[in-house]
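Spelled out, the chains give:
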Amino acid sequence: MNPADESLKARLAALGVPLSDEVINLALTHRSFAYESGGIPTNERLEFLGDSVIGLVITEELYKRFPEMDESGLSPLRSGVVSTRALSQVARSLGIGREVRIGRGEEVTGGREKNSILADSLEALIGAIYLEHGLEKAEHAIITLMQEAIEEAISRGATLDGKTSLQELVAARGEGSPEYEISESGPDHAKEFQATAIVAGERVSAGRGKSKREAEQEAARLAYQILLERG
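Residues numbered from 1 in each chain as written. Predicted model: local features only at pLDDT ≥ 70, side-chain atom pairs only at ≥ 80, totals over all residues. Heavy atoms only, no water.

The next thing to look at is the overall build of the protein. Counting its regular elements, the protein contains twelve helices and three strands. Referenced to the eigenvectors of the C-alpha coordinate spread, the extents of the protein come out at roughly 70 × 40 × 30 Å. Put simply, 57% of the contacts in the protein that link residues at least 6 apart link residues at least 24 apart. Of the roughly 11,600 Å² of accessible surface on the protein, 50% is carried by carbon and sulfur atoms. (Helix = DSSP H or I, 4+ residues; strand = E, 2+ residues; numbered from the N terminus. Contact = heavy atoms within 4.5 Å. Areas by Shrake-Rupley, 256 points an atom, 1.4 Å probe, with all protein chains shown as cover.)

The pLDDT averaged across the protein works out to 89; a share of 95% of its residues lies at or above 70. Per-element confidence in the protein is highest for helix H9 (residues 115-133), whose mean pLDDT is 97, and lowest for helix H1 (residues 3-14), whose mean pLDDT is 75. Under a pLDDT of 50 for its full length, residues 1-5 has, in the predicted model, eight contacts with residues more than four places off or in other chains. (pLDDT = per-residue confidence, 0-100.)

Further remarks concern the pattern of salt bridges. All chains considered together, the criterion is met by 16 salt bridges. Between arginine 112 and glutamate 107 there is a salt bridge, and its shortest N-O distance comes to 2.8 Å. Counted as one network, the salt bridges with shared partners bring together Glu184, Asp188 and Lys191. (Salt bridge = Lys/Arg side-chain N within 4 Å of Asp/Glu carboxyl O.)

Here we come to the sheet that holds strand S1 (residues 179-185). Taken together, three strands build an open sheet; the order of strands is S1-S2-S3 and the sheet is antiparallel. In this open sheet, the two edge strands, each paired with only one partner strand, are S1 and strand S3 (202-209). Between one strand and the next, the sheet's axes are offset by a mean angle of 20 degrees, whatever the strand orientation. Here strand S2 (residues 192-199) pairs with S3 via seven bridges, running antiparallel. Bridge pairing links isoleucine 198 to arginine 203 in S3. Along the sheet face, helix H12 (residues 212-230) touches S1, S2 and S3 and points at about 140 degrees away from the line of S3. (Pairing = 2+ DSSP bridges. Axes fitted to C-alpha atoms, helices over the stretch in contact; angles between N-to-C directions.)

By the bridge criterion, seven bridges tie S1 to S2 in an arrangement that is antiparallel. Of the residues in S2, the one forming a bridge with serine 183 is glutamine 194. The hairpin formed by S1 and S2 contains six residues between the paired strands, and glycine 186 there has a positive phi angle of roughly 90 degrees.

With 22 residues, helix H4 (residues 44-65) extends 31 Å from end C-alpha to end C-alpha; this agrees with the ideal 32 Å at 1.5 Å per step. Within the span of H4, buried status applies to Leu46, Glu47, Gly50, Val53, Ile54, Val57, Ile58 and Leu62. Seen along its axis, H4 keeps its buried residues to an arc of 155 degrees; they face one direction. Relative to its buried face, H4 has exposed residues pointing more than 90 degrees away, namely Arg45, Phe48 and Tyr63. Taken together, the buried residues of H4 touch helix H2 (21-27), helix H5 (71-81), helix H6 (84-94), H9 and helix H10 (135-155). (Expected span 1.5 Å × (residues − 1). Buried < 20%, exposed > 50% of the residue type's maximum accessible area, 1.4 Å probe, protein only. Arc of directions from axis to C-beta.)

A separate point is the packing of aromatic side chains. For the coordinates displayed, the defined rule picks out zero aromatic pairs. Stacked on the ring of tyrosine 180, the Lys or Arg lysine 163 has its end atom at 5.0 Å from the ring centre. (Phe/Tyr/Trp six-rings, centres within 6.5 Å; stacked < 30°, edge-to-face > 60°. Lys NZ or Arg CZ within 6 Å of the ring centre and 35° of its normal.)

Let's shift gears to a nonpolar patch on the surface. Taken together, Leu56, Tyr130, Leu131 and Leu135 make up a surface patch of nonpolar side chains, about 360 Å² in accessible area. As for its placement among the helices and strands, tyrosine 130 is situated in helix H9. (Patch = residues over 30% accessible without salt bridge, like charges linked within 9 Å, V, L, I, M, F, W, Y side chains within 5 Å.)

The buried count for S2 comes to six of eight residues, which makes it a mostly enclosed element. Linkage of S2 to S3, two consecutive antiparallel strands, is achieved through a turn of two residues, within which alanine 200 is found at a positive phi near 50 degrees.

With that settled, consider the nonpolar core. The biggest cluster of nonpolar side chains holds 44 residues, and the ones touching the most others in it are Ile58 and Met146. Elements supplying a minimum of two residues to this core: H1, H2, H4, H5, H6, H9 and H10. In terms of residue count, the dominant contributor to this core is H10 (nine residues). Discounting residues that sit within four places of it in the chain, isoleucine 58 has contacts with Arg78, Val81, Val82, Ile142, Ile143, Met146 and Ile150. Leu169, Phe193, Ala223 and Tyr224 belong to the second-largest nonpolar core, a separate cluster that totals 15 residues. (Core = buried A, V, L, I, M, F, W, Y, C linked by side-chain atoms within 4.5 Å.)

Dropping the structure here:
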């Protein structure tokens, strides 16, 4: 292990979740490296597990933290916390980009700085922590590491209504303002409305409701989640 490896190990140990060199190497083995190394195990199974563990822990944290908030508020807030962008920032804070094992092709195309690779590697590391130390210690590590991501998601407006949240997110990215296409169906006494959220000319999501506002809110909430997941 090189000094950067030791630094990562030290930081995990400080969190109360030490991992062996072998486990860390597996958690940080991208499929591109595994392929070029003759088909050694990748981190994808750990990533799959870690994704679920992070989702559970963050969902419970937000559920407890905002007891008056309903699903329509909690869902976009969670999406902000566990987005690829947010997870990659946590990965960078741990120095994972220096340690992730990637193939030559990914190396020359800047793979160590790709949000997707960093986020996936963090998820794999969390999966390894869960297997080695159990849910309680994994939960402590996740909340400690992602506290800033939680606060950032809140400050960016994720606790507001769907349309406001989407408007703020799109504006922050310099993509103008969201637009909505509305259609309706059904008899006059039981109409159903469908709204399509359009961002920068792209039809991102659609929502349904018993009123135009309800349909727009649903479409905006879904678009907010989708855009955050893209990083």
